[in-house]
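Notes for the structure review
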Amino acid sequence: MRALNLVQAINEALDLALAKDDRVLVFGEDVGRLGGVFRVTEGLQKKHGEDRVFDTPLAESGILGMAIGLALGGMRPVAEIQFAGFLYPALDQILSHLGRWRHRSRGRFHVPLVVRAPYGGGVHTPEQHADSPEAILCHVPGVKVVIPSSPERAKGLLLSAIEDPDPVFFLEAIKLYRGSRAEVPEGYYTLPLGKARVVREGRRASLFCYGGMVEVCLQAAEVAAREGVELEVVDLETLVPLDTETVLESVRKTGRAVVVYEAMRTGGFGAEVAARIAEEAIDHLEAPVVRVAGWDAPYPPFSAVEHHYRPNAKRVLEAVRTVLTH
């Protein structure tokens, strides 16, 4: 089995999807000849042709509008938004159209499209290049939101997202693109959407996370283990639909919960996780749920202070001490 990074795994998934289904189209800003700013789509236009993999104008609303029209017309578009922080000009298409067509048509029309976008910080990007807008997307009825944390998961989840009959936002942590490698199965395979997974077993407290924060939580759990504290790390993986049962099972086992996410603290998706735990597992809690998140401010465009904004293992361990000593 080969060891691939996240970029290579996603590229391979797109290649397989294009080869398997003539309805699949890949498009976005600079995804064709250049292969994307992170080279995720490198080589795909040359292999599959300019009719299947093509560049668009720098107009996010137009990219989403075209993707919606193509999906309604029977295609399987995979639209790339160059950075998740660039999604905001397309919010009218997302909020007013994308998730509503099945409801609006009483189930007669589906919108089988995927919107890919890199998100999050950790690599010293400029302003608006490190935003984490997943909570906005999760608030849109009718869409799914998937955020993988490793190459082998990303490949299978992306292929499932492309097969899905409804729109899927597929967010990719920039920090993970070339940050690590993992063994990735060859060939075409899918992984179920809507399932969380326990990536590290533990009994003292549960860490709930997704995307780039899984790496951070595993680092914190490793440090805690050296002190004799075994932490359970749960990768949510799909935010919508959320696998609430796996979350609750972990809380019932450990009695303590820390929710870690990179977006701004107020109104972030971690608040939804904390609320569900409070509603459905409060009798099992030995301490209040604690959140570790970004600050209620724009992601800093200055790399010198980025490490103060983005959650790290030290902040996670401080939260763990809080729930253990409550």
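Procedures and definitions
Residues numbered from 1 in each chain as written. Predicted model: local features only at pLDDT ≥ 70, side-chain atom pairs only at ≥ 80, totals over all residues. Heavy atoms only, no water. Helix = DSSP H or I, 4+ residues; strand = E, 2+ residues; numbered from the N terminus. Buried < 20%, exposed > 50% of the residue type's maximum accessible area, 1.4 Å probe, protein only. Contact = heavy atoms within 4.5 Å. Disulfide = S-S within 2.5 Å. Axes fitted to C-alpha atoms, helices over the stretch in contact; angles between N-to-C directions. Parallel < 35°, antiparallel > 145°, perpendicular 65-115°, else oblique. Left-handed = near helix turned anticlockwise from the far one by under 90°. Nonpolar A, V, L, I, M, F, W, Y, C, P; charged D, E, K, R; others polar. Polar contact = N/O pair within 3.5 Å; in protein donor to acceptor, adjacent residues only side chain to side chain. Core = buried A, V, L, I, M, F, W, Y, C linked by side-chain atoms within 4.5 Å. Phe/Tyr/Trp six-rings, centres within 6.5 Å; stacked < 30°, edge-to-face > 60°. Lys NZ or Arg CZ within 6 Å of the ring centre and 35° of its normal. Pairing = 2+ DSSP bridges.

Remarks on the side chain of glutamine 93
For glutamine 93, the position within the fold is in helix α4 (residues 91-98). Take glutamine 93: its relative accessible area is 18%, and that puts it in the buried class. Those residues in contact with glutamine 93, other than ones at most four positions away along the chain, are Ser61, Leu64, Gly65, Ile68 and Leu98.

Quick look at the state of the cysteines
In protein structure, a disulfide is the covalent linkage between the sulfur atoms of two cysteines. Taken as a whole, this structure holds 0 disulfides when the rule is applied. Cysteine 138 takes part in no disulfide bond, and the closest cysteine sulfur to it belongs to cysteine 209, at a distance of 15 Å. Assessed through its relative accessible area of 17%, cysteine 138 is described here as buried. Cysteine cysteine 209 is unpaired, with the sulfur of cysteine 217 as its nearest cysteine sulfur at 3.7 Å.

Focus: the packing of helix α1 (residues 6-20) against helix α7 (residues 151-163)
α7 packs onto α1 with a crossing angle of 30° between their chain directions and a minimal axis gap of 8 Å. Regarding the angle of α1 to α7, the classification is roughly parallel. The handedness of the crossing between α1 and α7 is right-handed. The segment α1 lies against α7, with Leu6, Ala9, Ile10, Glu12, Ala13, Leu14, Leu16, Ala17 and Lys20 engaging Pro151, Ala154, Lys155, Leu158, Leu159, Ile162 and Glu163. Of the residues assigned to the contact of α1 with α7, the class counts are 12 nonpolar, no polar and 4 charged.

Side note on the environment of threonine 325
Here threonine 325 lies in helix α12 (residues 313-325). When the C-alpha positions of threonine 325 and alanine 274 are compared, they lie 19 Å apart, and in sequence the two are 51 residues distant. Looking at threonine 325, its side chain comes within polar contact range of the main-chain oxygen of arginine 321, at 2.6 Å.

A few points about the nonpolar core
Formed by 84 residues in total, the largest nonpolar core has its most connected members in Ile94, Leu98, Phe169, Phe208, Leu236, Val273 and Ile277. Among the elements that line this core, the one with the most residues is α1, at 8 residues. Those residues in contact with leucine 98 that lie beyond four places of it in its chain are Leu64, Ile68, Gln93, Val111, Leu113, Val143, Pro167 and Phe169. If you look at the next biggest cluster of nonpolar residues, it comprises 24 residues, including Leu207, Ala221, Val229 and Val233.

Section: the packing of aromatic side chains
Inspection of every chain in the model, using the stated rule, returns 7 aromatic pairs. Ring centres of phenylalanine 38 and tyrosine 177 lie 4.9 Å apart, and the angle between their planes is 50°; this geometry places the pair in the tilted category. Of this pair, phenylalanine 38 sits in the loop between β2 (24-28) and α2 (44-48) while tyrosine 177 is found in the loop between β7 (168-173) and β8 (182-184), placing the two residues 139 residues apart along the sequence. In this structure tyrosine 177 comes out as buried when scored by relative accessible area, which is 3%. Look at tryptophan 101 and phenylalanine 109: their rings are 6.3 Å apart centre to centre, the planes differ by 75°, and that puts the pair in the edge-to-face class. For tryptophan 101, a relative accessible area of 23% corresponds to the partly exposed category. Assessed through its relative accessible area of 39%, phenylalanine 109 is described here as partly exposed. Taken together, the ring pairs in this structure connect Phe38, Phe83, Phe86 and Tyr177 into an aromatic cluster. Against the face of tyrosine 188 rests lysine 20, its NZ or CZ located 4.0 Å from the ring centre. The ring of tryptophan 101 has arginine 104 lying over it, and the distance from NZ or CZ to the ring centre is 5.1 Å.

Observations regarding the sheet that holds strand β13 (residues 257-264)
Reading across the sheet, the 5 strands line up as β9-β11-β10-β13-β14 and stay open at both edges, with mixed pairing between neighbours. Two strands bound the open sheet, and with one partner strand each, they are β9 (197-200) and β14 (290-294). This sheet shows a mean twist of 25° between the axes of neighbouring strands, independent of strand direction. Looking at chain direction, β13 and β14 are connected through 4 bridges and run parallel. In the sheet register, valine 259 faces β14, and the bridge partner there is arginine 291. Contacting β9, β10 (205-209), β11 (231-235) and β13, helix α9 (residues 244-254) runs over the sheet at an angle of about 155° to β10.

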